[in-house]
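Residue-level structural notes
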Amino acid sequence: MSEPIIIIGVDHGYAAMKTAHFSFHTGLVAHEHEPYTLNNVLEYGGKYYVVGSGRQPLQKDKTQTEDYYLLTLAAIAKELAYRNAGTAADIHLAAGLPLTSFGRDKKAFRDYLCRGGKPVSFRYEGQDYVITISKVSLYPQGYAAALTQGSLLDEPSVIVADIGGWTVDLMRLDNRIPNAATCRSLELGMIRCLDEISEQIRRGLGLSMTAAQIESVLRGDASHVNEDAKKIIYQEAERYTKRLLSAIAESGLDVRAMPAVFLGGGATLLKHHASAADGLCRPIILDDVCLNAKGYERLTERMSQKHEQ
């Protein structure tokens, strides 16, 4: 009897990989020999890879190296372990692409992830896995997450802004359907914000703060950080927020005229730094960074159920 197919959603971000239950940085460091610890270590093709330390150099084409495939294997292993689903599995992978490049990139990305539907053997954190990615379903980034918000779907028009690591992907939904003519991808993601904050702190205080420290302050959960540095972080975060809202308006999407859904890694920033003075019509801020991956899974489950009926 064949193994049941397991649907796993993966959001392949520039700064972080997300599944329904995990988020980890896209850093990937190769080692010829086994590292001192097996925590977050992937063994594949005779090499060892430490996963989640730092972030990837910017790759606009994620199929140009093996990095995102290796990160996908780690993401699948994490989800299988979390679900107690065993170490031999047939996977239906649910993932996403920006709507601006969806038609152009979907075949190459599907082939990149699927590898002909052949079994793949690897080890993660000392555990052997044999998986087969037998099917890959792809969806527009942001759209799947927005569909989890039932009350919004009754609105005639809704703006969706997915604030990722490198890009902010924009679209407008008209009667629940993405309007392709409104889709934009702005190179104004959180990495740009963090780099600018880091530079201003270095100039003003002579301190070299890590991205993790800055992100912690932005989330409001850092106490052991220089108070002057905190002030700079808050000031720059407000400037970035205003710049982002201005860029959205310049793209032809009026956040003062219709509801706007903000999601992705930068949504928390909007939660703390967008004020009533910004004139937003009805901001819905979804700060669950795993929401895209959860949305991919839900859409795939619905499609699978329809095919079974």
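Read on for a plain summary of the structure. (Residues numbered from 1 in each chain as written. Predicted model: local features only at pLDDT ≥ 70, side-chain atom pairs only at ≥ 80, totals over all residues. Heavy atoms only, no water.)

1. Details of the packing of aromatic side chains
Any aromatic ring pair is given by two values, namely how distant the centres are and how the planes are angled relative to each other. Let me state the cut-off plainly: Only rings of Phe, Tyr and Trp enter the pairing, Trp through its six-membered ring, and a pair is recorded when the two centres are within 6.5 Å. The plane angle decides the type: under 30 degrees is stacked, over 60 is edge-to-face, the rest tilted. Strands are runs of DSSP state E lasting at least two residues, helices are runs of H or I lasting at least four, and both sets are numbered from the N terminus onward. Only protein chains enter the accessibility calculation, which uses a 1.4 Å probe; a residue is then buried when its area is under 20% of its type maximum, exposed when over 50%, and partly exposed in between.
Inspection of every chain in the model, using the stated rule, returns six aromatic pairs. With 6.2 Å between their ring centres and 15° between their planes, Phe109 and Tyr112 make a pair best called stacked. Placement of the pair is Phe109 and Tyr112 together in helix 2 (residues 102–114), with a separation of three residues, close to one helical turn. The same class applies to Phe109 and to Tyr112, which are both buried. Ring geometry for Phe122 versus Tyr129: centroids 5.4 Å apart, planes at 10°, classification stacked.

2. Some words on the pairing of strand 11 (residues 157–163)
Note the cut-off: Strands qualify as paired when DSSP identifies two bridges or more between them.
By the criterion of burial, strand 11 is predominantly enclosed, with six of the seven residues buried. If you look at the hairpin formed by strand 11 and strand 12 (residues 168–174), you'll find four residues sitting between the two strands. As paired strands, strand 11 and strand 14 (residues 260–263) are joined by four bridges and run parallel to one another. Across the sheet, Ile159 pairs through a bridge with Ala260, a residue of strand 14.

3. Focus: the nonpolar core
Definition in use: Grouping buried Ala, Val, Leu, Ile, Met, Phe, Trp, Tyr and Cys residues that are joined through side-chain atoms within 4.5 Å yields what is termed a nonpolar core. Between two residues, a contact is recorded if the distance between any of their heavy atoms is within 4.5 Å.
Among the nonpolar cores identified, the biggest contains 41 residues, and Leu80, Ile91, Phe122 and Ile131 are the most heavily contacted of them. For this core, the secondary structure elements donating two or more residues are strand 1 (5–9), strand 7 (47–51), helix 1 (67–82), strand 8 (88–97), helix 2, strand 9 (119–124) and strand 10 (127–140). Take this core: its biggest share by element is 10 residues, from helix 1. Apart from residues no more than four positions distant in its own chain, Ile91 is found in contact with Ile5, Ile6, Ile8, Ile76, Leu80, Ile131, Thr132, Ile133, Ser134 and Lys135.

4. What about the pairing of strand 7?
In this sheet, strand 7 lies alongside strand 5 (residues 28–31) in antiparallel orientation, the contact comprising four bridges. Bridge pairing links His31 to Tyr48 in strand 7. Judged from the four bridges that link them, strand 6 (residues 41–44) and strand 7 form a sheet pairing that is antiparallel. Bridge pairing in strand 7 places Leu42 opposite Tyr49.

5. Things to note about the sheet that holds strand 5
Put simply, the rule is: Axis definition: a line fitted to C-alpha atoms, over the contacting stretch in the case of helices. Angles run 0 to 180 degrees between N-to-C directions.
Pairing within the open sheet is mixed, and its seven strands lie in the order 1-8-10-9-6-7-5. Two strands bound the open sheet, and with one partner strand each, they are strand 1 and strand 5. Neighbour-to-neighbour, the strand axes of the sheet open up by a mean angle of 35°, direction not taken into account. In terms of strand pairing, strand 9 meets strand 10 through six bridges, oriented antiparallel. Note that in strand 10 the partner of Val120 across the bridge is Ile131. The sheet strands contacting helix 2 are strand 8 and strand 10, and the helix crosses strand 10 at an angle near 165°.

6. Structural notes on the environment of Gly189
Mapped onto the elements of the fold, Gly189 is located in the loop between strand 13 (177–186) and helix 4 (190–205). Note: C-alpha distance between Gly189 and Tyr124 (65 residues apart in sequence) is 30 Å.

7. So, the packing of helix 4 against helix 5 (residues 211–219)
The condition is simple: Note that the term roughly parallel is reserved for angles under 35 degrees, roughly antiparallel for angles over 145, roughly perpendicular for angles of 65 to 115, and oblique for everything else. Amino acids outside the nonpolar list (Ala, Val, Leu, Ile, Met, Phe, Trp, Tyr, Cys, Pro) and the charged list (Asp, Glu, Lys, Arg) are all regarded as polar, and Gly is one of them.
The geometry of helix 4 relative to helix 5 is characterised by a closest axis approach of 10 Å and an angle of 105° between their N-to-C directions. As the angle between them shows, helix 4 and helix 5 are arranged roughly perpendicular. For the pair helix 4 and helix 5, contact is made by Met190, Leu194, Ile197 and Ser198 and by Ala211, Ile214, Glu215 and Leu218, respectively. By residue class, the composition of the contact of helix 4 with helix 5 is six nonpolar, one polar and one charged.

8. Considering the pattern of salt bridges
This is how the line gets drawn: Basic side-chain nitrogens of Lys or Arg form a salt bridge, by our definition, when they fall within 4 Å of a carboxyl oxygen of Asp or Glu.
Tallied over the entire structure, the rule returns 18 salt bridges. Notably, a salt bridge pairs Arg282 with Glu155, separated by 3.1 Å at the nearest N-O pair. One end of the pair, Arg282, is in the loop between helix 7 (267–273) and strand 15 (283–286); the other, Glu155, is in the loop between helix 3 (143–146) and strand 11, with 127 residues separating them in the sequence. Judged by its relative accessible area of 32%, Arg282 falls in the partly exposed class. The exposure class of Glu155 is partly exposed, given its relative accessible area of 25%. Note that Arg256 is salt-bridged to Asp254, the shortest N-O span being 3.1 Å. Within the structure, one salt-bridge network assembled from shared partners comprises Glu43, Arg123 and Asp128.

So yeah, pure geometry; function would need other evidence.
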